[in-house]
Amino acid sequence: DTPAVEDRLTNVLVGLYRVNNGLLDKTFSLSADNSEIDMLSGVEYNIYFLANVPESAGFEFPARESDIASCKFRLPSFASVSQNGIPSCARIPSVISYSSGVRDVTLTRLFAKLTVTIEHEGFSGTGSDCFRDEELHIRAANSVICPFGVSRAESSSDVLALSDYDSDMSSMGTDTYV
């Protein structure tokens, strides 16, 4: 079963940059109720999408497209991912609108997914204490994310303290987002 957080889409921020001058033309939010993008006819745009980012993260599209690779936001906690869904992004270059139409957008997740399963059947021994799952540490869940650039933790405060892994390994398998 796919966890609900993987399918969740709570909001999509959109930034339209004019190709001719690299300036931000407009920003707006899309939702399940409103998924239309209003563009000027005949104008060429680069379109940026950022999904599932909580308002508290404070993301804003920069005024110049040349600055988009350095724009970033900070996730307050992993709980915000559980509530809003996995942050995702997309870029569609050189779009010219002449009339209405439908276009699919594939969002790229800003977290990787690791699936860890420990198969106890492969271990031999006598008794249930021969192999015990003590702890699983995966410490790469970045709290500072550059959706259109390179994200990297530059200090310990840039790493989320907790992720969604099953620390007592009671399920003998876990999905972890890093």
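Residues numbered from 1 in each chain as written. Predicted model: local features only at pLDDT ≥ 70, side-chain atom pairs only at ≥ 80, totals over all residues. Heavy atoms only, no water.

A. Spatial organisation of the overall build of the chain. When you go through the chain residue by residue, the secondary structure sums to two helices and nine strands. Order of helices (α) and strands (β) in the chain, N terminus to C terminus: α-β-β-β-β-α-β-β-β-β-β. Here the chain holds 178 residues, and 37% of them are scored as buried. At a minimum sequence separation of 6, the contacts of the chain that also span at least 24 residues come to 64%. Surface summary for the chain: the accessible area is close to 10800 Å², and the carbon and sulfur share equals 47%. (Helix = DSSP H or I, 4+ residues; strand = E, 2+ residues; numbered from the N terminus. Buried < 20%, exposed > 50% of the residue type's maximum accessible area, 1.4 Å probe, protein only. Contact = heavy atoms within 4.5 Å. Areas by Shrake-Rupley, 256 points an atom, 1.4 Å probe, with all protein chains shown as cover.)

B. Molecular detail of a nonpolar patch on the surface. There is a patch of nonpolar side chains on the surface, built from Leu 9, Val 105 and Leu 107 and spanning about 230 Å² of accessible area. Here Val 105 lies in the loop between β5 (88-96) and β6 (108-109). (Patch = residues over 30% accessible without salt bridge, like charges linked within 9 Å, V, L, I, M, F, W, Y side chains within 5 Å. Salt bridge = Lys/Arg side-chain N within 4 Å of Asp/Glu carboxyl O.)

C. Structural view of the state of the cysteines. What the rule picks out here adds up to zero disulfides. The structure places no disulfide on Cys 89, whose sulfur is separated from the nearest cysteine sulfur, that of Cys 71, by 9.6 Å. Unpaired in this structure, Cys 146 has its nearest cysteine sulfur neighbour in Cys 71, at a distance of 7.2 Å. (Disulfide = S-S within 2.5 Å.)

D. Examining the packing of aromatic side chains more closely. Inspection of the entire model under this criterion finds five aromatic pairs. Taken together, a centroid distance of 5.1 Å and an interplanar angle of 85° make the contact between Phe 59 and Phe 61 edge-to-face. Each member of the pair, Phe 59 as well as Phe 61, is classed as buried. (Phe/Tyr/Trp six-rings, centres within 6.5 Å; stacked < 30°, edge-to-face > 60°.)

Purely spatial values, then, with no claim about function.
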